[in-house]
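# Remarks on the overall topology
Okay, here's what each chain looks like letter by letter:
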Amino acid sequence: MKRLIIATLVLFGLSYGTIQAGSVYLEIPMATGEPHPEGNVFWRTNHMDLLRHDRDLTMRQGERDIDASLASCVTCHAVNGPDAKPVTVKSEDHFCRVCHDYTAIKIDCFQCHNSVPADFGETSLMFNRPDNTLDILLAYLEELSL
Amino acid sequence: MTATLFAILYYVATLLLVVGVAMKMRRYAKAPAPLKIPTMPAPRTMKGVYFRMFREVVVFESLFKSNKWIWLFGYLFHFGMLVVVLRHFRYVTYDIWWWLELIQPFGIYASYLMVIGLMGLLVRRIVVERIRYISSPSDYLMLILLIAIAATGMGMTFVQPVDIVAVKGFFLGLLRLQINPLPSSPMLLIHLALVALLMIIFPISKLMHGPGIFFSPTRNQIDNSREKRHIAPWAKKLEE
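Treat the numbers as computed from the prediction; the structure is a model and nothing was measured.

### Examining the overall build of chain A
- For chain A, the count of helices and strands is 6 helices and 0 strands.
- Sequence-ordered secondary structure for chain A, helices as α and strands as β, is α-α-α-α-α-α.
- The proportion of buried residues among the 146 residues of chain A is 23%.
- Long-range pairs, those at least 24 residues apart, make up 47% of the contacts in chain A with a sequence separation of at least 6.
- A total of about 11500 Å² of accessible surface is found on chain A, and carbon and sulfur atoms cover 59% of it.

### Notes on the side chain of B:Ser135
Residue and element names in this part refer to chain B.
- Structurally, the position occupied by Ser 135 is in the loop between helix H6 (129-134) and helix H7 (137-158).
- A relative accessible area of 14% means that Ser 135 is categorised as buried.
- Looking at Ser 135, its side chain comes within polar contact range of the main-chain oxygen of Ile 131, at 2.7 Å.
- With sequence-adjacent residues up to four places away left out, Ser 135 is seen in contact with Arg 125 and Tyr 140.

### Here we look at a nonpolar patch on the surface
- The grouping of A:Leu134, A:Leu137, A:Leu138, A:Tyr140, A:Leu141 and A:Leu144 at the surface amounts to a nonpolar patch, some 640 Å² of accessible area in total.
- Position of A:Leu144 relative to the elements: it lies in helix H6 (residues 133-145).

### A short note on the interface of chain A and chain B
- Contacts between the two partners involve 23 residues from chain A, matched on the other side by 22 residues from chain B.
- Summed over both partners, the interface of chain A with chain B comes to about 1800 Å²; 64% of that surface belongs to carbon and sulfur atoms.
- It is A:Val24, A:Tyr25 and A:Tyr102 that lose the most area in chain A upon contact with chain B, and together they represent 33% of the buried surface on that side.
- The residue B:Asp163 makes a salt bridge to A:Arg44 at a minimum N-O spacing of 4.0 Å.

### A short note on the nonpolar core
Residues and elements named next belong to chain B.
- Membership of the largest hydrophobic core comes to 22 residues, with the highest contact counts inside it found for Met 114, Leu 118, Leu 145 and Leu 198.
- Those elements giving two or more residues to this core turn out to be helix H4 (68-87), helix H5 (98-127), H7 and helix H9 (186-201).
- For this core, the element with the highest residue contribution is H7, accounting for 8 residues.
- Listed in part, the 20 residues of the second largest apolar core include Tyr 91, Phe 171, Leu 182 and Leu 192.

Parameters at a glance
- Residues numbered from 1 in each chain as written.
- Chains lettered and ligands numbered in written order.
- Predicted model: local features only at pLDDT ≥ 70, side-chain atom pairs only at ≥ 80, totals over all residues.
- Heavy atoms only, no water.
- Helix = DSSP H or I, 4+ residues; strand = E, 2+ residues; numbered from the N terminus.
- Buried < 20%, exposed > 50% of the residue type's maximum accessible area, 1.4 Å probe, protein only.
- Contact = heavy atoms within 4.5 Å.
- Areas by Shrake-Rupley, 256 points an atom, 1.4 Å probe, with all protein chains shown as cover.
- Polar contact = N/O pair within 3.5 Å; in protein donor to acceptor, adjacent residues only side chain to side chain.
- Patch = residues over 30% accessible without salt bridge, like charges linked within 9 Å, V, L, I, M, F, W, Y side chains within 5 Å.
- Salt bridge = Lys/Arg side-chain N within 4 Å of Asp/Glu carboxyl O.
- Buried area = accessible area lost by both parts, 1.4 Å probe.
- Core = buried A, V, L, I, M, F, W, Y, C linked by side-chain atoms within 4.5 Å.

Structural data, given as structure tokens:
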């Protein structure tokens, strides 16, 4: 009886294995542009800290000229949907979501930031601003100081 | 190489854990309980016994009644560990269940509770003289082992991240009888080795109090000695 139970369990285990066989890995979408010099594993394990570090630089010290900005991430790593346009983070095919869904980690970047390249952004203030933004701002400041 | 080593380690550890716990539980089930000894006041119906066991397992009722601060640390640790363990399910299911995604951030906070509870229990062993006197090396070992597991786990979240996509690939592979590469981050390897050690010593340690509670005569018996005579099978034979 004991042997029968063990044999059944082993058989069950083996069949589970074969039924589930196949790749356990993801199809990570290819990016355009140069590969990261630090290597993919470095970026996979450190991207969150790098982005957060840049956020602090930008927000607290006003430095906008930084190596890795979220905008350049989503430009190189854009994934095109069926309509040949980059998909937003709402789509499961979005570059960030592929791994984040796999590992159950919620992304909160795109609650504020744009998840598609600048040209395709719906309301990208950073990139869709008029050319004379600076003049408008200066005029405004001048008015204030009068 | 490390991947193969850890794959073998985890297959062996799982086998020892499952078979070991099953054998121990079989022994508990067969152990004679010749006397009616539920801790009074005890429930008088089977339903009541289920309810009492539920309270014992879910809120540690008898510990709460006997010592409030041991209960506090014990409960912080056990509840924290429950959420942390549930959070780890993301490594063994390809598709993520909705609740699993929901508890992810809470699992990080739960790790604080777990460590606070364990530290409290360790301090108790060292500071309370009466407890120190009756503490054996294995009592310390369990606490230190669990603290080390929690510390290395939190280290991977807060200090030195690892490629968790690869980690998930490794564990999904184990479930499908294939050996996939494992990242060779020291923090991860120590974490996994300690967890395997915990799995291996679980069936021969005090940690068996988990499955054991269900077999405790003082907790699982009905107070019905007036209605129904409690008699062990071997004693019954003598009377016939």
